[in-house]
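What follows is each chain in one-letter form.
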Amino acid sequence: MIEIKHLETLTAIREAGNLQDAAERLSVTQSALSHQIRELESRLNLNLLNRRTRPARFTTAALRLLTLADDVLPRIRSAEREMQKLAAGSTGRLYLAIECHSCFQWLMPTLDAFRLQWQDISLDLSAAFSFAPIPALMRGDLDLVITSDPVPNESVEYVALFKYELVLAVAADNPLARKRFIKPADLSNQVLITYPVEEERLDIFTAFLDPAGVEPASIRKSELTPMIIQLVNSNRGVAALPNWALTEYQAQDWLKIVHLGEAPGIWRTLYAAIRTEDRQTPYIQAFVELAREISFKHLAGIRMAS
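The structure presented is a predicted model; accordingly, all values stated were derived computationally and were not measured.

Here is what the cut-offs are and how they apply
Residues numbered from 1 in each chain as written. Predicted model: local features only at pLDDT ≥ 70, side-chain atom pairs only at ≥ 80, totals over all residues. Heavy atoms only, no water. Helix = DSSP H or I, 4+ residues; strand = E, 2+ residues; numbered from the N terminus. Rg over C-alpha atoms; globule rule 2.2 N^0.38 Å. Buried < 20%, exposed > 50% of the residue type's maximum accessible area, 1.4 Å probe, protein only. Contact = heavy atoms within 4.5 Å. Areas by Shrake-Rupley, 256 points an atom, 1.4 Å probe, with all protein chains shown as cover. Lys, Arg positive; Asp, Glu negative; His and termini not counted. Charge placed at Lys NZ, Arg CZ, Asp CG, Glu CD. 1 Å grid on protein atoms, 1.4 Å probe; cavity = no way out; pocket = protein on both sides within 12 Å on 5 of 7 lines; lining within 4 Å. Points joined across faces, edges and corners; volume = space filled by probe spheres on them. Salt bridge = Lys/Arg side-chain N within 4 Å of Asp/Glu carboxyl O. Right-handed = clockwise from strand over helix to strand, strands pointing away. Pairing = 2+ DSSP bridges.

### Overview of the overall build of the protein chain
Broken down by element type, the protein chain carries 9 helices and 12 strands. Expected size for 306 residues packed as a compact globule is a radius of gyration near 19 Å; at 31 Å, the protein chain overshoots this value by more than 25%. Here the C-alpha coordinates of the protein chain stretch approximately 100 × 35 × 30 Å along the principal axes. Within the protein chain, the proportion of its 306 residues that are buried is 45%. A fraction of 74% describes how many contacts in the protein chain between residues 6 or more apart in sequence connect residues 24 or more apart. Of the roughly 16200 Å² that the protein chain leaves accessible, carbon and sulfur atoms contribute 49%. Charge separation in the protein chain, taken as the distance between the mean sites of 33 positive and 37 negative side-chain charges, equals 5 Å.

Here it is in structure tokens:
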């Protein structure tokens, strides 16, 4: 019943002081302006102007609509400016989730650099270990998901960040440390230490053990990479981790890294999953480019992904 143009018209009349000057402000004829007011009065079944006075004065109903206009119109103008900034890619939000426990090593420097370059972007990060992030991405709850497990969907595009090798960390005195590479059967008598994630979301199972129909002797879970390394060091199990997550430990004599399978080993790709409609958004493109750049500065053993 009440349209934005009506609120703008009443505001213009108040600011101009009379119908003639208000019509000039709105670039319409005085007749057209009067017709618009009468049309609204007909819709509301109320008078908005007291036409017995010169100039016409607002009625109580019109003053109530002006209060509404003072509230609504600035918010509409603000939203319009926000839409213009969004169209230009200079403002917005970037809510991220990660499915990679060890990703913080390169992700935090990326976030710091992104904040400096895109200060008007609202940034938020959550770990996607306790919920399904891709459906959340499709609903609009998230804007980007870091994952190595792409699930084909026409609404989601997976942009490759880099490739990494999945390797096995073992204690130096573990018999597996003397092997040139690990076969799936070699893990059948081992305690496998993993992050607290379902087996179907762990590369060691989906890419190595499951295809061979092999299960480890038992599974132990730990949330933190340093804790996993300590458990491996004390020979309480073995762990499959990205090669770059083990770089700082490779110089230690008590830890050995062995390839999973014969050369070239098991290589996985880390992706940034985004909604297809957001693929060309400037700040999302900038985040992906920063993530690649900083990853190759900070991580050893990774490769470019096609």
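After that view of the structure, there is still more to cover.
### Brief notes about unusual backbone geometry
The step from alanine 263 to proline 264 runs through a cis peptide bond, and the omega angle for that step is 10 degrees. With respect to the helices, strands and loops of the structure, proline 264 is situated in the loop between strand S11 (255-260) and strand S12 (266-275). In this model, asparagine 45 sits at a positive phi of 60 degrees, which is unusual for a non-glycine residue. Take asparagine 45: it is sitting in the loop between helix H3 (30-44) and strand S1 (49-50). Its relative accessible area of 70% is what places asparagine 45 among the exposed residues.

### Concerning empty space enclosed by the protein
Under the criterion given, the structure shown has 1 cavity of 30 Å³ or more. By volume, the largest cavity amounts to about 370 Å³. Lining the largest cavity are 21 residues, with Glu99, Tyr195, Arg201, Leu202 and Asp203 positioned closest to its centre. Among the secondary structure elements, those contributing two or more residues to the lining of the largest cavity are strand S6 (156-171), strand S8 (191-194), helix H7 (203-212) and strand S10 (239-242). Per-element accounting of the lining of the largest cavity gives the leading share, 3 residues, to S10.

### Concerning the side chain of glutamate 165
By the element assignment, glutamate 165 lies in strand S6. Of the side chains with opposite charge, arginine 303 lies nearest to the buried glutamate 165, which makes no salt bridge, at 6.3 Å. Filtering out sequence-adjacent residues up to four positions away, glutamate 165 remains in contact with Leu241, Pro242, Asn243, His259, Pro264, Gly265, Ile266 and Trp267.

### A closer look at the pairing of strand S3 (residues 92-98)
Side-chain direction in a regular strand flips from residue to residue, so the side chains alternate between the two faces of the sheet. Of all the 7 residues making up S3, 5 are buried; the element is thus mostly covered by neighbouring parts of the structure. For the handedness criterion, the β-α-β arrangement of S3, helix H5 (residues 104-117) and strand S4 (residues 121-127) is classed as right-handed. Bridge analysis of S3 against strand S5 (residues 144-147) gives 3 bridges, and the strand direction is parallel. Looking at the pairing, alanine 97 lines up with valine 145 of S5.

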